[in-house]
Amino acid sequence: MHEIGVLMEVVKSVERYAAENEVESIVTLVLQIGELSSMIPKYMKSLYPVAVEGTILDGSELNIEILPANGLCKSCNKVFKFLEYEGRCPICNGRNIEVLSGKEFFIKEIVCY
Amino acid sequence: MKPFKILEIKESVFEDNNRQADLLREELKNQNTFLLNLMSSPGSGKTTTLVKTINLLKDEMKIGVMEADIDSDVDAHTISDTGVKVIQLHTGGMCHLDADMTKQGLEGLNTKDMDLVILENVGNLVCPAEFDTGSSKNAMILSVPEGDDKPLKYPLMFQITDVLLINKIDVLEYFEFDLDKCIERVKNLNPNVKIITISAKTGEGIGEFADWLSMEVKRWNGK
């Protein structure tokens, strides 16, 4: 359950960004979370109101976009959905896989006044 | 109603902390202080390992310790018995230390003339792995009773560590802990990691860890 600590880090970044860009109030925060990131969206959602209390994000809505996990098989160059095939190449069954995407954790954008 | 606007930030959440960590690392490099970030689960033997290691090194270099805990100062008292300077950091419920908190701790400890500062991070295998503290090197302890499957469950921690101490090796025969399998799992995640089997209780392997640490400190401090 480390989502709260990470959310507080998100709040710090957004506050800094808001101050630099003269943002008055924020309606929505959009995060992008990779399927292989250690953040669990459900916990993020339920902890969000606590993490943002008393900050510029207080009362705002949290939107989460999930980014898919893709793997590249280094033996046969096949790109495949990492989770669906459990990290194993569906063509040659190889395990020498480079994770191309899915570990991301981005603050995408804010909807604000 | 005022028109709203959408501002694209597109920033990695850890970027802010990573920036501060890099700055802190540079500062420490300039003042010739090596920072070791020590991480593990609760009860793996961090404090006992530290006490024995400090006793081997305290005559050859000036050492300071930062104890990070959610609450209490039990560990700080134990460490202060070795005679080195120690400071207790309370994270106030947070499960990890970030670069900013580490910096504040270093200021409180007054590390200017110290060769080695050891940060005993909060006992936890998840969050400390995700927040760069600004350390020169990362060390991690895994103890035998925790099981040889931990590298599979907490891969990031094993990926970012520079040295792994497998502690409580003196009780290996009483647990179903496959040492070879464990080492293979760790090497799969992190081929360059140095692995030392130790027993903080009997002192086995502590000398090897102290030698490694001493070498790294000298290299960092340009001696």
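Cut-offs and rules
Residues numbered from 1 in each chain as written. Chains lettered and ligands numbered in written order. Predicted model: local features only at pLDDT ≥ 70, side-chain atom pairs only at ≥ 80, totals over all residues. Heavy atoms only, no water. Helix = DSSP H or I, 4+ residues; strand = E, 2+ residues; numbered from the N terminus. Contact = heavy atoms within 4.5 Å. Buried area = accessible area lost by both parts, 1.4 Å probe. Salt bridge = Lys/Arg side-chain N within 4 Å of Asp/Glu carboxyl O. Buried < 20%, exposed > 50% of the residue type's maximum accessible area, 1.4 Å probe, protein only. Lys, Arg positive; Asp, Glu negative; His and termini not counted. UniProt positions renumbered as here; feature names shortened; annotations may be inferred.

Engineer: Pulling in residues and values, what's your account of unusual backbone geometry?
Structural biologist: Residue and element names in this part refer to chain A. Residues other than glycine seldom take positive phi values, yet Asn77 does so here, at roughly 65°. Inspection of the secondary structure puts Asn77 in the loop between β3 (70-73) and β4 (79-81). For Asn93, which is not glycine, the phi torsion reads 65° and is therefore positive. Turning to its location among the elements, Asn93 is positioned in the loop between β4 and β5 (97-101).

Engineer: Give a detailed account of the interface of chain A and chain B, specifying residues and quantitative values.
Structural biologist: Every contact between the two is made by 25 residues of chain A and, on the other side, 25 residues of chain B. Together chain A and chain B conceal approximately 2400 Å² of surface at their shared face, both sides included; 59% is due to carbon and sulfur atoms. Interface area lost by chain A to chain B is led by Glu9, Tyr17 and Tyr113 of chain A, which between them contribute 24%. On the surface where chain A and chain B come into contact, there are two salt bridges.

Engineer: Describe the side chain of Glu67 of chain B, and please don't skip the residues or the numbers.
Structural biologist: Residues and elements named next belong to chain B. For Glu67, the position within the fold is in strand β3 (residues 63-69). Among buried Asp, Glu, Lys and Arg side chains, Glu67 stands out as unpaired, with Lys46 the closest opposite charge at 7.5 Å. Dropping the residues within four chain positions of it, Glu67 is found in contact with Leu50, Asp75, Ala76, Ile79, Val86, Ile87, Gln88, Leu89 and Glu120.

Engineer: Hey, could you go over the UniProt feature "binding site: Zn(2+)" (unreviewed entry) in chain A for me, with residue numbers and the actual values?
Structural biologist: Residue and element names in this part refer to chain A. With numbering matched to this structure, UniProt assigns "binding site: Zn(2+)" (unreviewed entry) to Cys73, Cys76, Cys89 and Cys92. What stands out for the annotated residues spanning 20 residues is how close their C-alpha atoms remain, the widest pair being 8.6 Å apart. Following the sequence through the fold, Cys76 ends up in the loop between β3 and β4. Of the residues examined, Cys76 reaches a relative accessible area of 32% and is grouped as partly exposed. Turning to its location among the elements, Cys92 is positioned in the loop between β4 and β5. With near-sequence residues (within four places) excluded, Cys92 lies in contact with Cys73, Ser75 and Cys76.

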